[in-house]
Amino acid sequence: MKVLLVNPPIREWAKPNCFPEGLGILASCLKNAGHKVEALDINAFRYSDGEVSDIIKKADYDLVGMGGLITAYKYMVWFTEVCKKFHPEKPIILGGNAVTPIPHLILKHTKTDIACINEGEETIVDVANAIENNQSLKEIQGIWYRDEDDAVVKNPVRPPIEDLDAIPWADRDVFPTKIYVNNTVGTINRRKWIDGEWETTQGKTRSFIVRLSRGCPYRCTFCYHDFMGQKFRMRLPEKVVEEMEYLIDKYKINYFGIGDDLASANKKKFTKICHLINKRRPGIKFFTSVRANLVTEDFLIMLKDSGCEMVCMGIESASPKILKIMNKKVTVEQQRNAVRLVKKHFGWVDATFIIGYPGETYETIQETIDFCKEMELEPEAIFYATPYPGTWLYDEALRRNLIEDEHKYLLSINEQGEKPAVNFTDWSDEKLISIKENMARELNAWNKDFTADGKITSKRIK
């Protein structure tokens, strides 16, 4: 059957630089099962709503699927309406972070027929096979769907995939990969949180992100840690480096984002990856992320010797009180040691912070400011605490009645906590914004301002 996979727009203030790996993997799975796959990458080409409507009107498909982050919720509502307008009988399946924690809202407020819960590699094939053969969906694990009477059916959860290396690599031919590799990712692009522009690397750096794991062994209260499965799993180092070699040979990649925030969670495997890079592809540069409580000098030396140019850290706060509420499982002293060591070996730290958490006061914010001044640390980004479905923070917002209408709230949330979506503090929204702006100014952090027409002006603001 013909399956159309759709990548919604994300971070439209920045150039498209994050290849839709999840959808690319689904494309490989579908092709391996004998189905035909086409892609509509709205994010890569930045199609207008009118252009998307025209494309869908003319599209020939049997099943359309879209996945994305929770910030794609509003787009999913609009897009499914367009699909049903022109192809009312063609089924729609939605998945990803935008769907897994809130399938009840997805099925209530969008025109989708099927909500995919957790990992979709096996699920999408089962759904496509069932639709092709006119079979019922009732035996397919990992979905909620509408039956013939428009009632919602909740099928059992599909167990997580134990062996990540059994999953095929993403199909990078069905999506416009060349657009993504030319837009630099990671710490080499110092404006990645601002407008995605790059200057010194243009025409020189061809970048790509390679993932190491799924799930998360930590339980930070602001993070949706169960996305892509309920348990932490890592790929074999050899398979990670094989994929890197493929990307180097086919797309001339010379700069990688390796892994996720959990590179240091299994130092043995990550060290093996670095050793393989040195042995098989010396000279390749990369960045990665680490947790402050897992940083050691030996580990940083090994990273740098292997071609790592920078590590990222989500410090979030330097207040013991706020760190405890965040359940970060890290101390201020561990953060102090990590910043000192990273600066020693890499010169600077790509660190991000969150402001406005439950329990935030002038004193807790001052603790963070004092920490940054002590460590001579300029934040790369300061985000507002934003509750996303599936997190403790979201449940706390509901408990406090700070979110009265979930659908309306999800339609309003923006990327990266650019503006306060929910205010957990005792301050007014205007006061919270002022405090954040003053903090950014005092610490010479990047600052993002929105003009009346929605455009962004950004700069270091000291």
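Residues numbered from 1 in each chain as written. Predicted model: local features only at pLDDT ≥ 70, side-chain atom pairs only at ≥ 80, totals over all residues. Heavy atoms only, no water.

In terms of regular secondary structure, the protein chain is built from 16 helices and 17 strands. In the protein chain, which comprises 462 residues, the share counted as buried stands at 57%. When contacts within the protein chain are restricted to residue pairs at least 6 apart in sequence, those whose partners lie at least 24 apart make up 71%. As presented, the protein chain carries roughly 20,100 Å² of accessible surface, and 49% of it is formed by carbon and sulfur atoms. (Helix = DSSP H or I, 4+ residues; strand = E, 2+ residues; numbered from the N terminus. Buried < 20%, exposed > 50% of the residue type's maximum accessible area, 1.4 Å probe, protein only. Contact = heavy atoms within 4.5 Å. Areas by Shrake-Rupley, 256 points an atom, 1.4 Å probe, with all protein chains shown as cover.)

Moving on, we get to the packing of aromatic side chains. Counting across every chain of the model gives 12 aromatic pairs. Ring geometry for F19 and F208: centres 5.4 Å apart, planes at 40°, overall tilted. A residue pair is termed long-range when its members are at least 10 positions apart, and F19 in the loop between β1 (2-7) and α1 (21-32) and F208 in strand β8 (residues 207-210) qualify at 189 residues. Here F19 falls in the buried class, since its relative accessible area comes to 11%. (Phe/Tyr/Trp six-rings, centres within 6.5 Å; stacked < 30°, edge-to-face > 60°.)

Let us look at the confidence of the model for the protein chain. Do not read the fine detail of predicted coordinates wherever pLDDT is low. Looking at the protein chain, pLDDT values average 90 and 89% of them are 70 or higher. Taken as a whole, residues 448-462 scores under 50 in pLDDT and shows 41 contacts with residues more than four places along the chain or in a different chain. (pLDDT = per-residue confidence, 0-100.)

Attention now moves to the sheet that holds strand β5 (residues 114-116). With mixed pairing, the 7 strands of this open sheet are ordered in space as β2-β1-β3-β4-β5-β6-β7. Of all the strands in the sheet, just β2 (36-41) and β7 (152-154) have a single pairing partner and so form its edges. Neighbour-to-neighbour, the strand axes of this sheet turn through a mean angle of 20°, independent of strand direction. One ladder, built from 2 bridges, connects strand β4 (residues 92-95) with β5; its direction is parallel. (Pairing = 2+ DSSP bridges. Axes fitted to C-alpha atoms, helices over the stretch in contact; angles between N-to-C directions.)

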